[in-house]
Protein chains: 2
Amino acid sequence: MKKYIYTFGEGMSEGNAEMRDLLGGKGANLAEMSRIGLPVPPGFTVTTECCVDYFDNRMSFPPSLKEQTLAALIKVEKSTGMAYGDKQNPLLLSCRSGARQSMPGMMDTVLNLGLCSSTIPGLIAKTRNERFVYDAYRRLITMYADVVMEKAAGIETQEEKGIRVELELLLSAYKSRHGYTEDTELTVEDLKYLCEQYKQKVHSELGEPFPDDAMVQLWGGINAVFKSWNGKRAVSYRRIEGLPDDWGTATNVQAMVFGNMGNTSGTGVAFTRNPATGENVFYGEWLMDAQGEDVVAGGRTPNPINESSKSEHNVDKESLEEAMPEIYKALDQMQAKLEKHFRDMQDIEFTVQEGKLYILQTRVGKRTGTAAVTMAMDMLAEKLIDEKTAVLRVKPEQLEELLHPILDPAAKETATLLAEGLPAGPGGAVGQMVFSASAAVEWAQRGKSVILVREETNPEDVEGMRAAEGILTACGGMTSHAALVARGWGKCCIVGAEKLHIDAMARKMTIGKRVLKEGAWVSLDGTRGNVYNGHLPTVSPSENEQFEIFMQRVDKHRKLGVRTNAETADDARTARAFGAEGIGLFRTEHMFYGKGCDEPLFLLRRMILSQTRNERQQILNKLFRFVKSDVKSTLVIMDDLPVTIRLLDPPLHEFVPHDLVKQKELAVSLGVTVREIKKRINQLKESNPMMGHRGVRLGITYPEITEMQIRAILEAAAELTKQRKRCRPEIMIPVSSDPNELKFQRQIYDRVCEEIRTKFRIKAIDCLFGTMIEIPRACLLADRMAKYADFISFGTNDLTQLGFGFSRDDMGGFIDKYLKLHILPHDPFQVLDQDGIGALIRIGVEKGRQANPSLKIGICGEHGGDPASIRFFAEAGMNYVSCSPYRIPIARLAAAQAALNS
Amino acid sequence: MKKYIYTFGEGMSEGNAEMRDLLGGKGANLAEMSRIGLPVPPGFTVTTECCVDYFDNRMSFPPSLKEQTLAALIKVEKSTGMAYGDKQNPLLLSCRSGARQSMPGMMDTVLNLGLCSSTIPGLIAKTRNERFVYDAYRRLITMYADVVMEKAAGIETQEEKGIRVELELLLSAYKSRHGYTEDTELTVEDLKYLCEQYKQKVHSELGEPFPDDAMVQLWGGINAVFKSWNGKRAVSYRRIEGLPDDWGTATNVQAMVFGNMGNTSGTGVAFTRNPATGENVFYGEWLMDAQGEDVVAGGRTPNPINESSKSEHNVDKESLEEAMPEIYKALDQMQAKLEKHFRDMQDIEFTVQEGKLYILQTRVGKRTGTAAVTMAMDMLAEKLIDEKTAVLRVKPEQLEELLHPILDPAAKETATLLAEGLPAGPGGAVGQMVFSASAAVEWAQRGKSVILVREETNPEDVEGMRAAEGILTACGGMTSHAALVARGWGKCCIVGAEKLHIDAMARKMTIGKRVLKEGAWVSLDGTRGNVYNGHLPTVSPSENEQFEIFMQRVDKHRKLGVRTNAETADDARTARAFGAEGIGLFRTEHMFYGKGCDEPLFLLRRMILSQTRNERQQILNKLFRFVKSDVKSTLVIMDDLPVTIRLLDPPLHEFVPHDLVKQKELAVSLGVTVREIKKRINQLKESNPMMGHRGVRLGITYPEITEMQIRAILEAAAELTKQRKRCRPEIMIPVSSDPNELKFQRQIYDRVCEEIRTKFRIKAIDCLFGTMIEIPRACLLADRMAKYADFISFGTNDLTQLGFGFSRDDMGGFIDKYLKLHILPHDPFQVLDQDGIGALIRIGVEKGRQANPSLKIGICGEHGGDPASIRFFAEAGMNYVSCSPYRIPIARLAAAQAALNS
């Protein structure tokens, strides 16, 4: 017989803190707290294993559960001296979920179980508080009807039509009929009457009566908690957090204690350190004569527990320290004991029932990014934890808060939410709306803060995007043009806000019935994807002096290199400041956009539309100096760090102009008619450009394009070498699918190398030649590719596109459904798909190293900045990851944690 | 010291027929013939190994070669009683290439080596034939200048400007100055003068004198033959035939014999059986007083060697049997001996020098497809070969000749070649040009034969394509729409004939300066890709009674199943006649085109453009009966053979109408404006539709579409089962990339199965559920996919597209260059890429079988009809291949040969 039940409480804890897989975090900690002598109301935990068996067995309880439950219940009754369902001395129970990892608010709870017509009189006699008893009864009916009878029974309702809302309407109608404004004005008789009304409503709405039997209530509660593991909210939370569906939740059944039994009672939540700043002070809130839900619900503003917890909002309110000094002292000792015991900041729930303190829960406290860093460094200094633990204490994603300004959280609460989109670029941004890139540039020049609002962006918008505080688009996903560019700059950006109807011509946008014109203020929360109306205040990223020191500790444990994807000298500078150890992806094509100088793009367009090799060669000769100077300036900034320069990658059609004016200009310069230009542009169109004539395919059909670029890079390097400056270019061939492509391009490289060595009279150029592996076939042929490559770098964006057959631009039509139906656990463009794409990468790494053990291997897709993916890349044996500048600290931390966890 | 030289000739053969890898086919057979007592002029073979070493050593001969050559030369001199370079009794030599496998005409030959100023007088004295000697000298100068001094020296010229042409111009100018019409009119003095003129011309054109030294000539000859292995023609031949570049060629140096020494001399070519029909009769041609090149060059029409070789063209000419009965008798005995010895039809070159017969070469003779089948079956009956050998004797591709009419080969020789394209559909077709599908239908109804000429075709052209004799397009590759459809029907088709400029509006096409209007006659050779002007005669596919019997023998050895890709009842019937063992791919979407009934397509379009589930469901209910009846009719034809029905695959945008009339119709039927229809059509557009919202992704977002199709198929099957008819549908989900997609679709399948069993009160429906594996990720997850699949079928077309990242529609811009530069050995859409795509397939097969040992595995891409690919599929362990109906006999033979060779 499996042991499904573990009791806890003074002298009877069967579990301990190590057993969180079986008992859930809450259950394990309740057991542990009893063990170390803290006052925990007794109870028992129904294991996660029981929950799993319950689901495996078509949602019915294992046969032995009943017997085990009754045995545990007797222990609890003995410990409390009360009896569940007893007429004289009735015990009340709570029933709470508790999974392996905290899923706050995602699963259900029922309190006050055990109240029914047979136990109510006894409880009244015992407490001599009829009003308290009927208020508890009212709360039980509400919770039970909502959680057990409606949700757990699978009755689907819209939230605003659920039974809970119906009951609350009854209450408020009753109050307004009697001219009451507060719940406290309700008399015993009012409550009695309302309880009857509630029960009638429940019966008529849900088709069955509220159960008037304590045991029925208990089983209903356990059943509802189990079921809530697969409730909509819980499932979607797990999806977001990447938690597995097969863990199951434990259920904690515990003796009720009441903070709402008058002025010697109360309840509160406390943190062993300040969760917002990380400061090492005891911090918390409490309410006198209240139950836990009152603190959380926000109907009453809670009091501070002590001086350190006072702020401008609650400075006048009485602290627990002041109101109940003895209790506070005991609590303070307990919190210190708890933190020392668990060696981490604890989030503690406590209740005082008629002068007696109970600890209801302890768990590792959530904290802001800056607090996480501060606590980790403080605890390390206090020798509470070792360095390894300190490095593991900060979640990589938390660092984002330390890098960007954010919208003031308080202001957000009262602001009008206009629309939701995808959180494509982090932080907050506030500005006046403009609807074109040129307007953005113009307004910004006049000193205005602007938000650039577009249906979607394209490379011609880059200058405007740079000028804007934030970017907002109606279309596109997390890897759309806007998202990619914004993330690269660490700029606030929201994409795919589908509710927006943008009319760029009329310079306005419509959301539902609301019309917003050019110049209207909006505020973006790019970390959440929320668009607010008006001008919200922002909060600067908290200056955290320990950040730098923390990152130094991080780097001590890191094995994986971290480079950056950078297109400009600015990017390169930012990235170095964030600790980049080189550039892993410098896309040459970006030099053709938005530098305030149209000539390179114009030349490129002429080159693309020329039709003879001769014509093309002449224009390439002119382009040469732009490419050289662009590369050179970046090489100078990066000094002795490697710079991987990818040769021209996109299909040529991406560069040609679509407006008549520019087409005319080109026609004149090439000496042909506009019709001819249009014809040539048309010829470049492709059915599936992602899989068309691009990357190395251009370098094969037009070897002179490859040659010009290689020559420009090597000459830049040669000139720097001559000036005794250091530089380490690495030339990367994109989109290769066959070793012969590399062989062919390498021949050009070797030849040009030789020519430049002769021309500059230098012995060697410190340059590597390699390729991007972004085509599935290239992974499978990596051994043969490696014969012609000094390094390979996985381009996981395109590898994901081709490996899945998902066009990033077109998957909007189905990806939401895929995520909703759990067909895929994540958007594979955000979190690397380890099963499929990861398998291809492993094959590539293995084969590549097999043929060339000194092969340098990196990755330069979007996944290079994603912590879960970085862990995979570290395990796969890569040398480095490359990500956008603002993701570098995150990548460094993720890489260190990967090394520590390996 | 490596042995580089092997002598042959009476009593001195060091090699034998087994040694073809080392001696080449020609050398090995010359040695073998001497061994079995045939009169072969003596000589020696320089090995292929020597050629490989020569290329490895920067094209210089191995040091020991000279010594070995001189030793062999002495043996030849002893055997002939002459001496090379001798003044009195000079020996002349020939120098010919001979690779492992015959590469006819691809490499070079030099004859009459050893003629120089010191040997000419002796030869004249010996032969008493001064004219003969100077004619031989003239031939030597021409060949040597061309092959050794120009080609082998790497002097690049256009063919019409080479030294050979220059010398021929000299000759013809001389002849016209003297009023000669035939070479035979040239006197000794003329020839002497011309030889001097030739030598001067060679010196002035090529910058060095013609060598007047026998040994120099010999080394020049050997060198030139070796070099010709890497000549342009040879390299491109090897690419086409798939032969490796590292074999090298042998060089055969042999004593010259002369058929041009008067009326007791002659030369000829003979086959041990008729190479055109396969008939078991000795067959050949000869010329009196001539050299071998005269027979080949075609200046004189050769005589038949015997009665069986007479035809209407040469019936009046004297046969060898008549002119030299003794010689003929000897030759006839020799040919019989040769065929018996080599156990295959031999192609023999012979020369008679002054009444003495020599055999110069024997090799396995080329033959037509019909001859190949006849010979194989005859030789099997004669017990010359066993059944396994008989099956291996016919190349799979040769069967194509037995299945299609072809253009008369004689007529092609004199016809005007208008353009060349890709041979997309086999056989020949003759008709009048039309430029639209509707015109094709109309003209055909009026009883005309038409060729449909289009820029490229699309699904709306299908009816016209069906009506046409042949299809010709200016764009598109071997896997374009036109090519796919035509091959499916076994219809003659040429695609990508880039020289054509088609103006469909003006109903004309331009090729260079030639303009052809609607109604003009053209003739297509779809097997070669040639477009001829005018109305050429065609030849029906030869009726070969032994074909059926041969195929029965083939099937005895075959392990791999062969199914067909079929869309219509007609296809299914054709395929069964060709021996299909089921349908491996029935594309549901094809039922929406060209059945003379617009309703299904109209309904489909309405369904696509409807926007509520309700609207969609109503239309699906109407579509249901069309799908059901379409499927049912095919199931009936296929009886108890399996029919794999693929659910809707293409992106929906492919189906929507682009013309205003149809758009208006739809708008009316859906009760919306045309503007709204246009907007909805626009919303369906995708950047990369190949990787967009299609296949199972439609089935996930619109499960009702999957459900309708599954219900239609299962109801069709249930109705047939009720009628006690047999049927075996297999439902195939396209484009799946994740096991959860299959799980989701399988749930629909299981539910509908259950419903239909209940509705029809039947115990079981004999149906399988499976998926197409055409996404790289699906190969890597095949084990998990196999949990939800009874079968998988590799879709190698899309797998190749995604594995390479090559869009079939867009690779026109680079694939030619890739093939020309040998970056890829083949177009991977025609011949499966075993290295990359094959590796994915192997992973998929292995994983799939691992998880589900009884998993049925097939392949249904274009590669299912390609013999080399079929060999791979057999080795990979598949159960069946599926190909278009007309490829079935080819696939059956290739599969049998794969089994025999494994």
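Preceding this paragraph is the structure being described.
Computed from a predicted model, the values in this text were never measured in an experiment.

**With respect to the packing of aromatic side chains**
Residue and element names in this part refer to chain A. Here the structure, examined in full by the defined rule, presents 36 aromatic pairs over all chains. Taking the centre distance of 4.7 Å and the plane angle of 85° together, the rings of Phe132 and Phe258 count as edge-to-face. Here Phe132 is found in helix 5 (residues 130–151), whereas its partner Phe258 is found in the loop between strand 7 (249–255) and strand 8 (266–271), with 126 residues between them in sequence. Among the residues examined, Phe132 registers a relative accessible area of 4% and is labelled buried.

**Concerning the pairing of strand 7 (residues 249–255) of chain B**
Residues and elements named next belong to chain B. Taken across its seven residues, strand 7 has seven buried, putting it largely inside the fold. On strand 7, burial covers both faces: Thr249, Thr251, Val253 and Ala255 on one face and Ala250, Asn252 and Gln254 on the other are all buried. The sheet contact formed by strand 2 (residues 43–46) and strand 7 spans four bridges and is antiparallel. Directly across from Thr45, in strand 7, lies its bridge partner Asn252. Both strand 5 (residues 93–99) and strand 7 contribute to a ladder of seven bridges, which runs antiparallel. Following the sheet pairing, Arg96 is matched in strand 7 by Asn252.

**Points about the sheet that holds strand 12 (residues 356–364) of chain A**
Residue and element names in this part refer to chain A. The sheet built from five strands is open, its strands ordered 10-9-8-11-12 with antiparallel pairing. Since the sheet does not close on itself, it has two edges, and those belong to strand 10 (303–304) and strand 12, each with one partner. Note that strand 9 (residues 283–288) and strand 10 share two bridges and pair antiparallel. Within strand 10, the residue paired with Glu285 across the bridge is Pro304. Strand contacts of helix 12 (residues 325–342): strand 11 (346–353) and strand 12, with the helix running at about 25° to strand 12, the strand carrying the most contacts.

**A short note on the relation of the copies chain A and chain B**
Of the transformation placing chain A onto chain B, the axial shift is 0.3 Å and the rotation is 179°, giving an RMSD of 0.4 Å. The superposition operator between the copies reduces to a two-fold rotation axis. Scanning chain A for the C-alpha nearest the rotation axis identifies Asn688 of chain A, at a separation of 1.9 Å.

**As for the packing of helix 5 (residues 130–151) of chain B against helix 7 (residues 188–206) of chain B**
The geometry of a pair of packed helices is captured by two quantities: the angle between their axes and the separation between those axes. All names here are of chain B. Close contact between helix 5 and helix 7 brings their axes to 8 Å; oriented N to C, the two are set at 15°. As judged from the angle between their axes, helix 5 and helix 7 are roughly parallel. By crossing handedness, the relation of helix 5 to helix 7 is classed as left-handed. Along the contact surface, helix 5 presents Glu130, Arg131, Tyr134, Asp135, Tyr137, Arg138, Ile141, Thr142, Ala145, Met149 and Glu150, while helix 7 presents Val188, Leu191, Lys192, Cys195, Tyr198, Lys199, Val202 and Leu206. Residue composition of the contact of helix 5 with helix 7, by class: 11 nonpolar, one polar and seven charged.

**A word on the environment of His693 of chain A**
Inspection of the secondary structure assignment puts His693 of chain A in the loop between helix 24 (674–683) and helix 25 (696–701). The exposure class assigned to His693 of chain A is buried, which follows from its relative accessible area of 13%. In this view, His693 of chain A contacts Pro651, Leu652, Glu686, Leu698, Thr701 and Tyr702 of chain A together with Gly813 and Phe814 of chain B; residues no more than four positions away in its chain are not counted. Among the polar contacts listed, one links the side chain of His693 of chain A to the side chain of Thr701 of chain A, at a separation of 2.8 Å.

**Considerations on the sheet that holds strand 20 (residues 500–503) of chain A**
Residues and elements named next belong to chain A. Reading across the sheet, the three strands line up as 20-21-22 and stay open at both edges, with antiparallel pairing between neighbours. Sheet topology places strand 20 and strand 22 (514–517) at the edges, where each strand pairs with a single neighbour. Strand after strand, the sheet turns through a mean of 20° between neighbouring axes, direction not considered. Pairing analysis gives four bridges linking strand 20 to strand 21 (residues 508–511), with the strands arranged antiparallel. Opposite Ile502, over in strand 21, you have Met509 as the bridge partner.

**Regarding the pattern of salt bridges**
A full pass over the atoms with the stated rule returns 118 salt bridges over all chains. Between Lys2 of chain A and Glu49 of chain A there is a salt bridge whose closest N-O contact spans 4.0 Å. Highlighted residues: Lys2 of chain A in the segment before strand 1 (5–8) and Glu49 of chain A in helix 2 (residues 48–56), separated in sequence by 47 residues. Taking the shortest distance from any N to any O, the salt bridge between Asp344 of chain B and Arg393 of chain B comes out at 3.2 Å. Of the two residues, Asp344 of chain B sits in the loop between helix 12 (325–342) and strand 11 (346–353) while Arg393 of chain B sits in the loop between helix 14 (387–392) and strand 13 (406–407), which places them 49 residues apart along the sequence. On the accessibility criterion, Asp344 of chain B (6% relative accessible area) is buried. Salt bridges sharing partners connect three or more residues here, namely Glu589, Arg646, Asp649, Arg694 and Asp798 of chain A.

**Considering the interface of chain A and chain B**
Across the boundary between the two partners, chain A contributes 47 residues, which contact 47 residues of chain B. Remark: the boundary between chain A and chain B carries four salt bridges. The salt bridge involving Arg777 of chain B is made with Asp833 of chain A; its shortest N-O contact spans 2.7 Å. Summed over the shared surface of chain A and chain B, the result is 26 residue pairs in polar contact (both at pLDDT 80 or more).

Reading guide: rules and limits
Residues numbered from 1 in each chain as written. Chains lettered and ligands numbered in written order. Predicted model: local features only at pLDDT ≥ 70, side-chain atom pairs only at ≥ 80, totals over all residues. Heavy atoms only, no water. Phe/Tyr/Trp six-rings, centres within 6.5 Å; stacked < 30°, edge-to-face > 60°. Helix = DSSP H or I, 4+ residues; strand = E, 2+ residues; numbered from the N terminus. Buried < 20%, exposed > 50% of the residue type's maximum accessible area, 1.4 Å probe, protein only. Pairing = 2+ DSSP bridges. Contact = heavy atoms within 4.5 Å. Axes fitted to C-alpha atoms, helices over the stretch in contact; angles between N-to-C directions. Least-squares fit on C-alpha atoms with pLDDT ≥ 70 in both. Parallel < 35°, antiparallel > 145°, perpendicular 65-115°, else oblique. Left-handed = near helix turned anticlockwise from the far one by under 90°. Nonpolar A, V, L, I, M, F, W, Y, C, P; charged D, E, K, R; others polar. Polar contact = N/O pair within 3.5 Å; in protein donor to acceptor, adjacent residues only side chain to side chain. Salt bridge = Lys/Arg side-chain N within 4 Å of Asp/Glu carboxyl O.

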